[in-house]
Amino acid sequence: MSAGKRPTGAGSQFVEAAGLRVYFFLMTQANDGGAQCPFEGLRVLDLSSEIAGPYATKLLVDVGADVIKIESPAGDPLRRWTASHQELPAGQDGPLFDFLNASKRSVVLDLETETGRKDFLALARTADIVIESFAPGAMDRLGLSHATLQAENPGLSLVSITPFGQEGPWRDRPSTEFTLQAAVGSIDYRGLPGRKPVATGGRLGEWTVGAFAAVGGLCAWLSSRKTGVGQVVDISSFEALILCMTVYHDLNGQWNEGDLPRGIELPSIEPAKDGWVGFCTITGQQWVDFCAMIGQQEVGEDQRYLDGKQRMEHIDFIQKIVHDWTKERTIEEIVELALLLRIPVAPIGDGRTVPEIDHFVAREIYRANEKGVLHPRPFFRLGEGAFRPPGPAPRLGEHTQAVLAEADERELDFDEESGGTPLPLDGLRVLDLTAFWAGPVATAFLSDMGADVLKVESIHRPDGMRFAGARPGADLWEWSPVFHGANTGKRDVTLQLDHPEGLALVKELIAKADVVVENFSARVLENFGLGWDAVKALNPRAIFVRMPAFGLDGPWRDRAGFAMTIEQVSGLAWMTGYHDLPLVVRGVCDPVGGMHAVFALLAALEVRRRTGRGQLLEVPLVEVALNLAAEQVIEYSAFGALLARDENRSPAAAPQGVYSCREGRNVAISVANDEQWRALCSVMGTPEMADDFELANVAGRREHHDRLDDLIEAWTARASCDDVVERLLEAGVPASSVINAHRLHPNTQLEARQFFQTMQHAFTGETRYPGFPMSWSIFGKRLHRAPAPTLGQDNEAVLREELGLGDEEIEALREKKVVGNRPSFM
């Protein structure tokens, strides 16, 4: 991994310290000619703490929103947090707090007092969005319900972040992210035979929830700007993790009998002579090419090993032939060979190495704050519009007097510009050229918000996700769980891009679109003559969203990259797995990357609203992941502390783990505070442990974790899993059975929240589709307008009604296989 070239030009300073080259970027993007931030004028009151809510408001503040962080007199607990357990001097905030709260203003209000509530209501009169992460019902208890807030400000929207949502039988269930992962089925299917399954590390779920909260808040605000009426956006972390930490397993379970088998990807993260290297063989061709690379052509041709699940049945054999080859070569040698064959490959990044990777240096990803700590810059690039220059995080209550003094100075603007339905994107025309997962899930959400999304495939190259995990059969391309889950509400047309007539028709569709979205590697559409200059010439108002894995420039520009590749290089995989083997998270980068792309698009649409002009919008998937993995780089930069995976243990909770029960099932238990520890001791019948001075706090319990694990498992082994979970939940201890993801449904909480939506599909019949993790007080919950489209289902309507073709022209296109309804190779 080379350090790459030093950046030059205005706005950067170069420093070398402790052997690490650091760039101080004064601004994330040039603000030539006084360019305006997209959400300048948007005001957000941030009542949240920890990671999810502050990450949502960090995204907003970076693009110009005025975020007022409202804290209790004790302050956000994240101010005292470090993942490596550093002792912070009095008055010094933790570096993760600094990252998540940079450029915000801090106001101290005690909402338990009449004065505090009165001051908050005064601020609410001037705000557009409130984001809170209190316990369910807390805002009502404080006398600050949405109805109360709307009485002061009818256009105000309230975004609520809770573990299970504000309604349903699980609303008040004690939980941590770890037990939520167990409850959605994420933990159970990740792991090696004969060893405990492992959770995703790094508090990743909290970051994913933040992305949904940011997008939900913006959509509510855009709706209220049309109607003058705000709404409640009720975010469920449980539902967010279903979408981001499983791979549409409930859909898969509807079509395939039995439990989802536990396993790992083969190949994935493998030992090299000098460290770890990561591969991704999603397609059959990638697997065949990988086998050829390691000199095992006959294995690549053997049908027994073509499917990843089948390879797990032969794990010892597969690992032996892979390790015999990788252990004899350096990471650099392996990467070079794999790239020649276009096999997705990457070194395994961590908090120390990631900022030194040549591609990230060339793209100027990292900048140092005023304390010299490295932060990733915002995850996307605007062609027009500016980012807020990064400022320091506020001291507790630093802006209280100034903010309260200006409370009556701001007037809200409701222009009711577009009419129609309350859905914020009603009437928006989206041409969807995306494939696989990240791009499709983004455009599926746009459809839920009212956009007309037209998906373009071809019969020669359908969306590759149609075949991934598809149920075998005559029409297998219509039976992929991920394709179904990520493509609801769309129309579908097939047009062959590498045929002159097909390309001409795609260009006509571009000319009619408001938004064009694609997520191929950077060279693909450019090879068809559909780069930004061409799109702009066809349609100057179009926003062209490009989502290549590694961006549009830099040394890795043309590399292929899937979600697993992104997890491997960004550091996300470094935090997940066993002590002796990092594991990929499996898919989280795709749905979370898709929601980040939606956020960036909403910013670009706001710029177009002001200027009337379209623009190129670049959203590299890896830069989303680098923001999600920011804490690793922050901790190493601030303290020289290299964070690493610790299997099922956590720096925030102890004890925490997966424990076997009497019938062989597993239970996840997570003790997040001292009160829960005392409750656990009581339930286990060991009250003397609660009085043990060495176990009185999280640090002490972490030090004695091995002993505690043995004691807990000795207790769980004598009881049924359901009994353990019931008794712990009654005592207020976070716990969950470690479910198999095929057993997610039925679930009373999800049914109460109307998370699933049953629709009739032409091939799969009655099918249960997951929604997004928001419940909207105005939009409702079940917002999918249609199931996933069949291949080319809307060819006739699009060719006739939108492109003006007649019967003979359409039949000629069919004969030339420019259009069709069945893959040409099937």
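Residues numbered from 1 in each chain as written. Predicted model: local features only at pLDDT ≥ 70, side-chain atom pairs only at ≥ 80, totals over all residues. Heavy atoms only, no water.

Asks: Any details on the sheet that holds strand S14 (residues 381–382)? Residues and values, ideally.
Replies: Read from one edge of the open sheet, seven strands run S14-S22-S19-S18-S15-S16-S17, paired in mixed fashion. Across the chains shown, the open sheet's two edge strands, defined by having one partner strand only, are S14 and strand S17 (491–494). Examined bridge by bridge, strand S16 (residues 452–457) and S17 share four bridges and lie parallel to one another. Bridge pairing links valine 456 to valine 493 in S17. Sitting on the sheet, helix H19 (residues 500–512) is in contact with strand S15 (429–432), S16 and strand S18 (515–518), with an inclination near 150° to S15. Each of S15, S16 and S17 is contacted by helix H32 (residues 795–802), which is oriented at about 80° to S17, the strand it contacts most. (Pairing = 2+ DSSP bridges. Helix = DSSP H or I, 4+ residues; strand = E, 2+ residues; numbered from the N terminus. Contact = heavy atoms within 4.5 Å. Axes fitted to C-alpha atoms, helices over the stretch in contact; angles between N-to-C directions.)

Asks: Before we move on, can you summarise helix H17 (residues 438–448) with the specific residues and values?
Replies: Along H17, eleven of the eleven residues are buried, which leaves the element largely enclosed by surrounding structure. Among the residues making up H17, those that are buried are Ala438, Gly439, Pro440, Val441, Ala442, Thr443, Ala444, Phe445, Leu446, Ser447 and Asp448. Of the residues one or two after H17, glycine 450 is the one with positive phi, at around 110°. (Buried < 20%, exposed > 50% of the residue type's maximum accessible area, 1.4 Å probe, protein only.)

Asks: An account of the sheet that holds strand S9 (residues 269–272) is requested, with residue identities and associated values reported.
Replies: Within a beta sheet, neighbouring strands are joined by backbone hydrogen bonds and run either parallel or antiparallel to one another. A sheet is described by the order of its strands in space; here three strands give the open sequence S9-S10-S11, paired in antiparallel fashion. Both edges of this open sheet fall to S9 and strand S11 (345–347), since each of them pairs with a single strand only. When the angles between neighbouring strand axes are averaged without regard to direction, this sheet yields 30°. Of the pairings in the sheet, the one linking S9 to strand S10 (residues 275–279) comprises four bridges and is antiparallel in character. Following the sheet pairing, glutamate 270 is matched in S10 by valine 277. Sheet strands touched by helix H22 (residues 563–570): S9, S10 and S11. Its angle to S11, the strand with the most contacts, is close to 15°.

Asks: Requested: an account of helix H14 (residues 331–340), with residues and values cited.
Replies: For H14, the complete set of buried residues consists of Ile331, Ile334, Val335 and Ala338. Buried residues of H14 fall within an arc of 95° about the axis and therefore sit on the same side. Exposed side chains of H14 directed beyond 90 degrees from the buried face belong to Glu332, Glu336 and Leu340. Each element contacted by the buried residues of H14 is listed here: S9, S10, helix H10 (284–293), helix H13 (315–326) and S11. (Arc of directions from axis to C-beta.)

Asks: Break down the packing of helix H7 (residues 204–227) against helix H23 (residues 589–611) for me, with residues and values.
Replies: Close contact between H7 and H23 brings their axes to 9 Å; oriented N to C, the two are set at 30°. One way to sum up the angle between H7 and H23 is to call them roughly parallel. Note on packing geometry: the crossing formed by H7 with H23 is left-handed. Judged by residue contacts, Thr208, Ala211, Phe212, Ala214, Val215, Leu218, Cys219, Trp221, Leu222 and Arg225 of H7 engage Val592, Met595, His596, Val598, Phe599, Leu602, Glu606 and Arg609 from H23. Of the residues in the contact of H7 with H23, the class split is 13 nonpolar, two polar and three charged. (Parallel < 35°, antiparallel > 145°, perpendicular 65-115°, else oblique. Left-handed = near helix turned anticlockwise from the far one by under 90°. Nonpolar A, V, L, I, M, F, W, Y, C, P; charged D, E, K, R; others polar.)

Asks: Hey, could you go over the packing of aromatic side chains for me, with residue numbers and the actual values?
Replies: Each pair of aromatic rings is reported with the distance of its centres and the angle of its planes. A complete count under the given rule lists 23 aromatic pairs for this structure. Between phenylalanine 164 and tryptophan 170, the aromatic rings sit 5.6 Å apart at their centres with planes inclined by 90°, giving edge-to-face as the arrangement. When the ring of tryptophan 776 is compared with that of phenylalanine 779, the centres are 4.9 Å apart and the planes differ by 40°; the resulting orientation is tilted. The same class applies to tryptophan 776 and to phenylalanine 779, which are both buried. Among the aromatic residues, those joined into a cluster by ring pairs are Phe39, Trp221, Phe379, Phe380, Phe387 and Phe599. Between the NZ or CZ atom of arginine 203 and the centre of the ring of tryptophan 81, over which it lies, the distance is 4.9 Å. One Lys or Arg, arginine 768, reaches over the ring of phenylalanine 756 and ends 5.5 Å from the middle of that ring. (Phe/Tyr/Trp six-rings, centres within 6.5 Å; stacked < 30°, edge-to-face > 60°. Lys NZ or Arg CZ within 6 Å of the ring centre and 35° of its normal.)

Asks: Outline the environment of asparagine 747, supporting the account with residue identities and numerical values.
Replies: Locating asparagine 747 in the fold gives a position in the loop between strand S25 (735–737) and helix H31 (748–752). Accessibility expressed as a relative area gives 8% for asparagine 747, which makes it buried. The spacing of asparagine 747 and alanine 513 is 234 residues in sequence and 40 Å in space, taken between C-alpha atoms. Aside from chain neighbours lying at most four places away, what touches asparagine 747 is Trp170 and Phe238. Here leucine 750 takes part through its backbone nitrogen, which lies 2.9 Å from a polar atom of the side chain of asparagine 747. (Polar contact = N/O pair within 3.5 Å; in protein donor to acceptor, adjacent residues only side chain to side chain.)

Asks: Run through the pattern of salt bridges, naming residues and quoting values.
Replies: Across all of its chains, the model carries 62 salt bridges by this definition. Note that arginine 43 and aspartate 66 form a salt bridge whose closest N and O atoms lie 3.1 Å from each other. Residue arginine 43 is located in strand S3 (residues 43–46), and its partner aspartate 66 is located in strand S4 (residues 66–71); the two are separated by 23 residues in the primary sequence. For arginine 43, a relative accessible area of 7% gives the class buried. Note that aspartate 580 and arginine 195 form a salt bridge whose closest N and O atoms lie 3.2 Å from each other. Here arginine 195 lies in the loop between helix H6 (177–184) and H7 and aspartate 580 lies in the loop between strand S20 (577–578) and strand S21 (581–582), a separation of 385 residues in the sequence. Residue arginine 195 is classed as partly exposed on the basis of its relative accessible area, which comes to 31%. Taken together, the shared-partner salt bridges connect Arg363, Arg377, Arg381, Asp553, Glu618 and Glu623 into one network. (Salt bridge = Lys/Arg side-chain N within 4 Å of Asp/Glu carboxyl O.)

Don't take any of this as a statement about function, it's just geometry.
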